Amino acid sequence: MNNEAPRSIPILDVRPEIEAIWDELMSAIQKVVRDGQFIMGPNVKSFEEEVATYLGVRHAIAVNSGTDALVIGLRALGVGPGDEVITTPLTFFATAEAVHSVGATPVFVDIDPESFNIDVSQVEAAITERTKAIIPVHLYGRPCEMDTLLSIARKYHLNVVEDAAQAFGAMLRGQKVGTFGDVAALSFFPSKNLGGFGDGGMIVTNRDEVADVARALRVHGSRRKYYNELVGYNSRLDEIQAAILRVKLPRLDASNDGRRRVAAWYNELLQDVRGVKVSIPNEDVHHVYHQYTIRITGVNRDLVQARLRDRGISTMVYYPVPLHKLAVYSGRNLHLPHSETAAAQVLSLPIWPQMTRETVETVVTALREALDDAQLGND
Ligand SMILES: *Cc1c(COP(=O)(O)O)cnc(C)c1O
């Protein structure tokens, strides 16, 4: 085995974007430091208004993380102990963890193998008299099929909380994700499509009373300082993060277009590669490719990933264990075949908005070689 990687391609390179707007970022950060207001200042307020305008929603409430946006969003909707919340097992653990955090129980419904998102046709069968909400996750930046979900939610009087952590800017039939449900959660974790220089998140909603409770919950449950009405959280976005995110928000669409261009190159170059299955959404779906994820079929995915690593190509598996198979759920004994197969086959390839066609070609060439090696059992 050759231990020297001739080239090294990361899964994500955030530096080109930062370099391109360096001066603007630095002056925004410096202004916050000079002004000396670091918590709940003018940048947080403006950023909330700018996100609300971008999405076309009434309320955007900045919080500490995408996880907290889910927790506070669920609490503000009144989801709590004894309630069940239906969601997908192919997601980051935070989706289900937020449900536990409010005292409720997640109920997992298998995925649609084509989109990797929750199979809306199986949701109705999972509803019980305890069901209070559904959390669709727009996984990898690809919008879920919302129409069916919303009509099921209406029929059974359920809340819909969109986990849009990976899909800021994605659209379904021209409508932005995060605007379909009762509440949506955004994340500004550095690797997300709109990433800060630390943790951050946002709750979005059109419902005034939900926004009012969420605003109180993020500051220890008080509408008026020191007059606490609820037991809440300390979950604020700080001014420096808000200032950084305000510089980046006007470039989100261009940045997502960059990801879409890279994805189109992969789709073209991978379409006849044996052992690779790509999934291309139809025109209704404006996928923003937080991840570019393929399936490795016929050969062992982990072996292909290892052979890519030997060639200096970083890839990731989102997610190697579907949630219902995690140790925390060992008592449940659920079998959700499409999620389990996906967890064994998925591989996310390098993608970032400024990635060049040449770099995409390098990855594809290395992938072809890695597939050949894995097929032959070389190591
Ligand atoms: C990133 C992510 C979260 C959590 O966001 P944080 O800001 O890291 O707390 C939740 N759900 C999904 C699907 C995510 O990808």
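Residues numbered from 1 in each chain as written. Predicted model: local features only at pLDDT ≥ 70, side-chain atom pairs only at ≥ 80, totals over all residues. Heavy atoms only, no water.

Student: Residue-level account of the pattern of salt bridges, with values.
Tutor: Summed over all chains, the structure comprises 24 salt bridges. Here Glu17 makes a salt bridge to Lys248, at a shortest N to O gap of 3.8 Å. Residue Glu17 is located in helix 1 (residues 15-20), and its partner Lys248 is located in helix 8 (residues 239-248); the two are separated by 231 residues in the primary sequence. Looking at Glu17, the relative accessible area reads 21%, which means it is partly exposed. Several salt bridges share partner residues, and in doing so they unite Glu145, Asp147, Arg173 and Asp284 into one network. (Salt bridge = Lys/Arg side-chain N within 4 Å of Asp/Glu carboxyl O. Helix = DSSP H or I, 4+ residues; strand = E, 2+ residues; numbered from the N terminus. Buried < 20%, exposed > 50% of the residue type's maximum accessible area, 1.4 Å probe, protein only.)

Student: Mind laying out the sheet that holds strand 11 (residues 285-286), listing which residues take part and the relevant values?
Tutor: Neighbouring strands of a sheet are bound in pairs by backbone hydrogen bonds; such pairs are parallel or else antiparallel. Pairing in this open sheet of three strands is antiparallel, and the strands run 7-6-11 from one edge to the other. Lying at the two open borders of the sheet, with one neighbouring strand each, are strand 7 (175-176) and strand 11. As paired elements, strand 6 (residues 171-172) and strand 11 share two bridges and run antiparallel to each other. Note on strand 11: the bridge partner recorded for Met171 is His286. (Pairing = 2+ DSSP bridges.)

Student: Describe the layout of surface pockets, and please don't skip the residues or the numbers.
Tutor: Empty space within the largest pocket amounts to approximately 480 Å³. If you trace the largest pocket, you find 25 residues lining it, with Phe92, Phe189, Ser191, Lys192 and Tyr319 closest to the centre. Looking at the lining of the largest pocket, the elements that each hand over two or more residues are helix 4 (66-76) and helix 5 (94-101). In terms of residue count, the dominant contributor to the lining of the largest pocket is helix 4 (three residues). Residue classes in the lining of the largest pocket are distributed as eleven nonpolar, ten polar and four charged. Two domains share the lining of the largest pocket, each providing at least three of its residues, namely domain 1 (16-250) and domain 2 (252-378). Considered as a void within the structure, the second largest pocket measures approximately 330 Å³ in volume. Met40, Val219, Ser222, Lys225 and Arg236 are the residues nearest the centre of the second largest pocket, which is lined by 15 residues in total. When its residues are assigned to classes, the lining of the second largest pocket shows five nonpolar, three polar and seven charged. (1 Å grid on protein atoms, 1.4 Å probe; cavity = no way out; pocket = protein on both sides within 12 Å on 5 of 7 lines; lining within 4 Å. Points joined across faces, edges and corners; volume = space filled by probe spheres on them. Nonpolar A, V, L, I, M, F, W, Y, C, P; charged D, E, K, R; others polar. Domains from an automatic or database assignment.)

Student: Outline the domain arrangement of the chain, listing residues and values.
Tutor: As far as domains go, the chain holds domain 1 (16-250) and domain 2 (252-378). Domain 1 and domain 2 are separated by 25 Å when their C-alpha centres are compared. Taken together, the contact pairs 40 residues of domain 1 with 38 residues of domain 2. A combined buried area of about 3,400 Å² lies between domain 1 and domain 2, and 56% of that area is made up of carbon and sulfur atoms. Looking at the side of domain 1 facing domain 2, the largest losses of area belong to Phe108, Tyr140 and Asn193, adding up to 22% of the total buried there. The tally of links between domain 1 and domain 2 comes to two salt bridges. (Contact = heavy atoms within 4.5 Å. Buried area = accessible area lost by both parts, 1.4 Å probe.)

Student: Which residues make up the site of the ligand, and what values do they have?
Tutor: Surrounding the ligand, one finds 15 residues, the nearest of these being Gly66, Thr67, Asp163, Ser187 and Lys192. Between a nitrogen atom of the ligand and a side-chain N or O atom of Asp163, the distance comes to 2.8 Å. Relative to its unbound accessible area of 380 Å², the ligand is 93% covered by the protein chains. Under a 2 Å grid-point criterion requiring more than half of the atoms, the pocket assigned to the ligand is the largest pocket. Elements supplying a minimum of two residues to the shell around the ligand: helix 4 and helix 5. For the shell around the ligand, the per-class residue count stands at five nonpolar, eight polar and two charged. (Near = heavy atom within 4 Å. Polar contact = N/O pair within 3.5 Å; in protein donor to acceptor, adjacent residues only side chain to side chain. Areas by Shrake-Rupley, 256 points an atom, 1.4 Å probe, with all protein chains shown as cover. Sits in = over half its atoms within 2 Å of the grid points.)

Student: Tell me about the packing of helix 4 against helix 7 (residues 208-218), and please be specific about residues and values.
Tutor: Closest axis-to-axis distance for the helix 4/helix 7 pair is 9 Å, and the angle between their directions is 130°. Between helix 4 and helix 7, the crossing angle belongs to the class labelled oblique. As helix 4 runs across helix 7, the sense of the crossing is right-handed. Note on element contacts: helix 7 touches helix 4 through Val210, Val213, Ala214, Leu217 and Arg218, opposite Ile72, Arg75 and Ala76. Residue composition of the contact of helix 4 with helix 7, grouped by class: six nonpolar, no polar and two charged. (Axes fitted to C-alpha atoms, helices over the stretch in contact; angles between N-to-C directions. Parallel < 35°, antiparallel > 145°, perpendicular 65-115°, else oblique. Left-handed = near helix turned anticlockwise from the far one by under 90°.)

Student: Please give an account of helix 7 that cites residues and values.
Tutor: Because each turn of an α-helix spans 3.6 residues, side chains separated by three or four positions in sequence point in the same direction. For helix 7, the full list of buried residues reads Val210, Ala211, Ala214, Ala216, Leu217 and Arg218. Residues of helix 7 that are buried in the fold lie against helix 3 (42-55), strand 1 (59-63), helix 4, strand 8 (183-187) and strand 9 (201-205). Count one or two residues on from helix 7 and you reach His220, which has phi positive near 65°.

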